[in-house]
Amino acid sequence: MSNPDELLVAISAAVESERSNQMSLTVVVGGAVITGRLAPEAVWRERVAEVLKDSDHLGPFSDVFTRGPRQNRPGHGETPTHLHFHLARILQGSLGIPETGGMYRVAIKDVSAWTVGDFSYIDR
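Residues numbered from 1 in each chain as written. Predicted model: local features only at pLDDT ≥ 70, side-chain atom pairs only at ≥ 80, totals over all residues. Heavy atoms only, no water.

Draft legend 1. View of the sheet that holds strand 4 (residues 95-107). Overall, antiparallel pairing links the five strands, which are arranged 4-3-2-1-5 in an open sheet. Here the strands that pair on one side only, and so sit at the sheet edges, are strand 4 and strand 5 (111-116). For this sheet the average axis-to-axis angle between neighbouring strands, irrespective of direction, equals 35°. By the bridge criterion, six bridges tie strand 1 (residues 24-29) to strand 2 (residues 32-38) in an arrangement that is antiparallel. By the bridge assignment, Val 29 is partnered in strand 2 with Ala 32. Contacting strand 3 (82-92) and strand 4, helix 2 (residues 41-53) runs over the sheet at an angle of about 125° to strand 4. (Pairing = 2+ DSSP bridges. Helix = DSSP H or I, 4+ residues; strand = E, 2+ residues; numbered from the N terminus. Axes fitted to C-alpha atoms, helices over the stretch in contact; angles between N-to-C directions. Contact = heavy atoms within 4.5 Å.)

Here you go:
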């Protein structure tokens, strides 16, 4: 979307204000369907940093996610520009990748469609 959807921005702002981190959302971005729960950016950054820190090869990158002035992040008077998914999957056919869920950051302006709730497939 060239102009971010005001409802999607409002949902992201509510999550950023930490009123809830249980908001399930499904978005379409560049033809990919991503489904999962939203988290405040600060929480998302901490979780990504923890995963990276535990890696022998990627550990040095954890600092990228934990440093920086907090006042420049959404939730401090700025309009959110990104959605921060945790426990998220990219839906591909009858699969959700990764099966256990991942951490995705999506620019709100790139979302072409969305719905509240998350999708999962049941193999029948």
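Draft legend 2. How the structure looks around the pattern of salt bridges. Taken as a whole and assessed by the stated rule, the structure comprises three salt bridges. Residues Glu 41 and Arg 45 are paired through a salt bridge, measuring 2.8 Å at the closest nitrogen-oxygen approach. Taken together, the positions of Glu 41 and Arg 45, both in helix 2 and four residues apart, correspond to about one turn of that helix. For Glu 41, a relative accessible area of 5% corresponds to the buried category. The class of Arg 45 is buried, set by a relative accessible area of 17%. Across the pair Asp 110 and Lys 109 runs a salt bridge whose closest N-O atoms are separated by 3.2 Å. What makes Lys 109 partly exposed here is its relative accessible area of 47%. It is possible to trace a salt-bridge network through shared partners that takes in Glu 41, Arg 45 and Arg 105. (Salt bridge = Lys/Arg side-chain N within 4 Å of Asp/Glu carboxyl O. Buried < 20%, exposed > 50% of the residue type's maximum accessible area, 1.4 Å probe, protein only.)

Draft legend 3. Representation of unusual backbone geometry within the structure. Between Ile 97 and the following residue, Pro 98, the backbone shows a cis peptide bond with an omega angle of -10°. By secondary structure assignment, the location of Pro 98 is in strand 4. Even without being a glycine, Leu 87 presents a positive backbone phi close to 50°. With respect to the helices and strands, Leu 87 occurs in strand 3. A relative accessible area of 42% places Leu 87 in the partly exposed class.

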